[in-house]
Amino acid sequence: MRKKELDLYGSYRRRSRRQRRYSWCLAVLAALAAGLCVFGAVEGQNWALRREIAEVQGWMEATEEERLTAEIQWAYNEALLEREAAMAHLSASRATYPKVGSGLIARIAAVGGERVTMTLEGYDSATGVLRFRAESGKVIDIPGYVLDLRRTGLFERVDYTGYRYGRGVYSLDLSCVLSGGAS
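Residues numbered from 1 in each chain as written. Predicted model: local features only at pLDDT ≥ 70, side-chain atom pairs only at ≥ 80, totals over all residues. Heavy atoms only, no water.

K.L.:
Would you explain the overall build of the protein chain in this entry?
P.N.:
Across its full length, the protein chain holds three helices and four strands. Mapped in sequence order, the helices and strands of the protein chain form the string α-α-β-β-α-β-β. In the protein chain, buried positions account for 20% of the 183 residues. With an accessible surface of roughly 14,300 Å², the protein chain has 58% of that area assigned to carbon and sulfur atoms. (Helix = DSSP H or I, 4+ residues; strand = E, 2+ residues; numbered from the N terminus. Buried < 20%, exposed > 50% of the residue type's maximum accessible area, 1.4 Å probe, protein only. Areas by Shrake-Rupley, 256 points an atom, 1.4 Å probe, with all protein chains shown as cover.)

Right, here's the structure in full:
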C-alpha cells in the first residue's frame, strides 16, 4: 500500500482562492445589478417626466389660440373702458360750459365799452371755445381790452394771434375758452 499524503493546507489555499474569486465575482455582479436597478429607476422617472411635459406642452399649444383671443379681447375691453371714461369726462366738462346767450354776449360786449366793439363768430359747445372779433379805432385799446377780458372771470383762457389794421380799424381775432359756470 502506498501512502497517501494529505495536503490539507494546499487544499485549503486552493479552496480559499476559489472562494475569493467567487466572492469577488459575486460582489461585481451585485454592484452591476444594483447599478442596473438604479439606472432603471432613473430612466423610469425620466420617461414619466417626459410624458408629463409632453402632455403639458400639448395642452399649452391647444390653449394658445384661446389665450391670444382672450388677450385681444382684454385689450379691446380696456380701450372701450378708456373711451367710455373719456366720454364721461367730456360730457361732465361739457355740462359745465355756460349756454351762450344774449346775456353772456352783452357782458362780453360791455368789457370793450364804446372804444372796442365785438362780433361773435362762433361757439364750439363741445370744447367751450367762443370765437369773436374785436375792433377798435385806436391800437392802444387792444392790450387793455384783452386784459379786461381776462379779468372778467368769464374765461379760463383768452388767446389771440395779434391784430391787423385795415380801413382805419384795428381788428383782433380772439379764441376764448369759457369757464364753467360763467353765464
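K.L.:
So what exactly am I meant to see when it comes to the nonpolar core here?
P.N.:
Across soluble globular proteins, nonpolar side chains show a tendency to be buried alongside one another. In this structure, Ile 108, Phe 132, Tyr 145, Leu 149, Phe 155, Val 158 and Leu 174 are the most contacted members of the largest nonpolar core, which totals 21 residues. Mapped onto this core, the elements with two or more residues apiece are α2 (102-112), β1 (116-124), β2 (129-136), α3 (141-151), β3 (155-166) and β4 (169-178). At five residues, β4 tops the list of elements feeding residues into this core. In contact with Leu 149, not counting residues within four places along its chain, are Ile 108, Val 111, Phe 132, Phe 155, Val 158 and Leu 174. (Core = buried A, V, L, I, M, F, W, Y, C linked by side-chain atoms within 4.5 Å. Contact = heavy atoms within 4.5 Å.)

K.L.:
Any chance you could explain the sheet that holds β3 here in plain terms?
P.N.:
Reading across the sheet, the four strands line up as β1-β2-β4-β3 and stay open at both edges, with antiparallel pairing between neighbours. Here the strands that pair on one side only, and so sit at the sheet edges, are β1 and β3. Taken over all neighbouring pairs, the strand axes of this sheet differ in orientation by 20 degrees on average, direction set aside. Against the sheet, α2 touches β1, β2, β3 and β4, its axis set at about 145 degrees to β1. Contacting β1, β2, β3 and β4, α3 runs over the sheet at an angle of about 165 degrees to β3. (Pairing = 2+ DSSP bridges. Axes fitted to C-alpha atoms, helices over the stretch in contact; angles between N-to-C directions.)

K.L.:
What is the right way to look at the packing of aromatic side chains in this model?
P.N.:
Any two aromatic rings considered together are summarised by their centre-to-centre distance and by the angle between their planes. Under the counting rule described, the total for this entry stands at two aromatic pairs. On the basis of an interplanar angle of 75 degrees and a centroid distance of 5.9 Å, the ring pair of Tyr 163 and Tyr 170 is categorised as edge-to-face. Look at Tyr 163 and you get partly exposed, because its relative accessible area is 45%. A centroid spacing of 4.5 Å and a plane angle of 45 degrees characterise the contact between Tyr 165 and Tyr 170, whose relative ring orientation is tilted. A relative accessible area of 54% means that Tyr 165 is categorised as exposed. An aromatic cluster of at least three residues, connected via ring pairs, comprises Tyr 163, Tyr 165 and Tyr 170. (Phe/Tyr/Trp six-rings, centres within 6.5 Å; stacked < 30°, edge-to-face > 60°.)

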